[in-house]
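In case you want the letters, here they are:
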Amino acid sequence: MRRLPLLAAALALLLAGCVPTARSSTLFAMDTVMELTVYGPRERVDEAAELIHDAEGLLSVTAEGSDIALLNSAGEGEVHGETAALLARALEICALTDGALDITVYPLVRAWGFTTGEYRIPEDGEIEKLLEGVDYASVRLEDGAVTLPRGALLDLGAVAKGWTADLIAEGWREAGVKSGLINLGGNVMAVGSKPNGGDWVVGIRDPFSDGLVGAVSVRDAAVVTSGGYQRYFEEDGVRYCHIIDPQTGRPADSGLTSVTVIGAEGVLCDGLSTAVYVMGLDAAEELWRENAGFELALVTDEGEIYITEGLEDVFTPMDGYENTEIQVIRRG
Ligand code: ADP
Ligand code: MG
């Protein structure tokens, strides 16, 4: 019996040795601040950082020599296997959202100044003209050879971070990582659980203040938010956000101010967060009812909160939203 405390101490030491140390890194890429945390060797963080820079080199619409930049200047060409794979998945998500996500909307993103920061309100005629080239369904992709319709320019900015997070998570899991958190500028991917076995808790920013509207408890899931409060400009009291409605060629104004999509696949969540922001509440409900693989947490311009029923037990309102009635969207 007297040995028991000693045994317990030895056991505790042994267990402590089993919990890997956290390795973290903060970097700036894809126009945003990224944070990588892994409970495992530093190598995993370094590999992930390299993967991010490689992905940016392939996918950036502005970086000279990227697959996308080359394609946009020539209108056609061969792309790397990774680019082709993302392009194929992105086109599926465009179709799934009936074109609310449209990866050919870039001429309008650029015309409104969201690429350069030189914001402006284009004339109606200019918008009409640029819209003629917008049509994801006319993009041809065959064995890595891409052809763009006339006047179209590709931009994978709405899906690139989610896709990159998927690749990092896949690599980490293959390397045996049981616990990690990938945050690519608010595009979060939780790998496994917390090192103590609990869920990761991911905050959702309050679109109206610096706090949080709530948090979700997840494991092995992406949590991706698109918001009109993230990148926008104001003129004559009107706010113009960086997400463009491909129907109108103007900044989306659907009544939603924050859209969070939660699911296993980062690229799907990223694409859908942008698309749902364009679609608005009613179309979002319909999309969710007709498809599996994701849940939604929505904040309207009036500050109402809607969640789909899969989040009922994992969403916690915070920072002043504790008494806000949460409307649950159900299947049946
Ligand atoms: P962020 O990258 O700022 O987190 P999103 O994932 O919502 O936000 O992507 C927004 C980016 O996608 C814009 O900066 C623009 O380049 C591009 N984009 C804007 N509207 C659309 C759209 N309707 N479909 C596809 N891409 C879009
Ligand atoms: Mg997105």
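In this report, the structure presented in the accompanying data block is examined.

Reading the values: the criteria
Residues numbered from 1 in each chain as written. Chains lettered and ligands numbered in written order. Predicted model: local features only at pLDDT ≥ 70, side-chain atom pairs only at ≥ 80, totals over all residues. Heavy atoms only, no water. Helix = DSSP H or I, 4+ residues; strand = E, 2+ residues; numbered from the N terminus. Rg over C-alpha atoms; globule rule 2.2 N^0.38 Å. Buried < 20%, exposed > 50% of the residue type's maximum accessible area, 1.4 Å probe, protein only. Contact = heavy atoms within 4.5 Å. Lys, Arg positive; Asp, Glu negative; His and termini not counted. Charge placed at Lys NZ, Arg CZ, Asp CG, Glu CD. Donors = N, O, S within 2.8 Å, 3.2 Å for Na, K, Ca; no water. Phe/Tyr/Trp six-rings, centres within 6.5 Å; stacked < 30°, edge-to-face > 60°. Pairing = 2+ DSSP bridges. Axes fitted to C-alpha atoms, helices over the stretch in contact; angles between N-to-C directions. 1 Å grid on protein atoms, 1.4 Å probe; cavity = no way out; pocket = protein on both sides within 12 Å on 5 of 7 lines; lining within 4 Å. Points joined across faces, edges and corners; volume = space filled by probe spheres on them. Nonpolar A, V, L, I, M, F, W, Y, C, P; charged D, E, K, R; others polar.

Right, let's talk about the overall build of the protein for a bit. Across its full length, the protein carries nine helices and 19 strands. Here the C-alpha atoms of the protein give a radius of gyration of 21 Å, agreeing with the 20 Å that 2.2 N^0.38 yields for 332 residues. By principal-axis analysis of the C-alpha atoms, the protein measures approximately 90 × 50 × 40 Å. With 332 residues in all, the protein has 49% of them scored as buried. In the protein, 57% of the contacts between residues at least 6 apart in sequence involve partners at least 24 apart. Charged side chains of the protein number 23 positive and 54 negative; the gap between the two group centres comes to 9 Å.

Attention shifts here to the coordination of the magnesium ion (ligand 2). Protein-derived coordination of the magnesium ion (ligand 2) comes from A158 (O), D270 (O), D270 (OD) and T274 (OG1), at a distance range of 2.2 to 2.6 Å. Summarised as a motif, the one-chain spacing of the donors to the magnesium ion (ligand 2) is A-x111-D-x3-T. Of the two residues, D270 and T274 are both situated in helix α8 (residues 266-279); the distance of four residues between them amounts to about one turn of the helix. For D270, a relative accessible area of 5% gives the class buried. Overall, the relative accessible area of 12% leaves T274 in the buried class.

Under the criterion given, the structure shown has six aromatic pairs. Between F114 and Y119, the aromatic rings sit 5.3 Å apart at their centres with planes inclined by 55°, giving tilted as the arrangement. A relative accessible area of 7% means that F114 is categorised as buried. With a relative accessible area of 33%, Y119 lands in the partly exposed category. Look at F233 and Y240: their rings are 5.1 Å apart centre to centre, the planes differ by 25°, and that puts the pair in the stacked class. Given the relative accessible area of 6%, F233 is considered buried.

Strand pairing in a sheet is mediated by backbone hydrogen bonds. Such pairs are either parallel or antiparallel. Taken in spatial order, the three strands of this open sheet run β8-β9-β18, and their pairing is antiparallel. Because the sheet does not close on itself, it has two edges, and the strands there are β8 (200-205) and β18 (315-317). With strand direction ignored, the average angle separating the axes of adjacent strands in the sheet is 25°. Pairing between β8 and strand β9 (residues 212-218): six bridges, direction antiparallel. Bridge assignment links G203 to a residue of β9, and that residue is A215.

Moving on to the environment of G117. Along the chain, G117 turns up in the loop between α5 (106-111) and α6 (124-131). Here the alpha-carbon distance between G117 and A63, two residues 54 residues apart in the chain, equals 16 Å.

Moving on, we come to the layout of surface pockets. In this model, the largest pocket occupies a volume close to 1300 Å³. Of all the secondary-structure elements, those providing two or more residues to the lining of the largest pocket are α2 (42-59), α5, α7 (160-174), β7 (187-192), β8, β10 (221-227) and α8. Each residue belonging to the lining of the largest pocket can be placed in one class, and the counts come to 21 nonpolar, 17 polar and eight charged. When its volume is computed, the second largest pocket comes out at roughly 310 Å³. Around the second largest pocket, the lining is made up of 18 residues, and of these R239, C241, A252, D253 and Y277 lie nearest the centre. Elements with a minimum of two residues in the lining of the second largest pocket: β12 (238-241), β14 (250-251) and β15 (256-263). If you tally residues by element for the lining of the second largest pocket, the top one is β12, at four residues.

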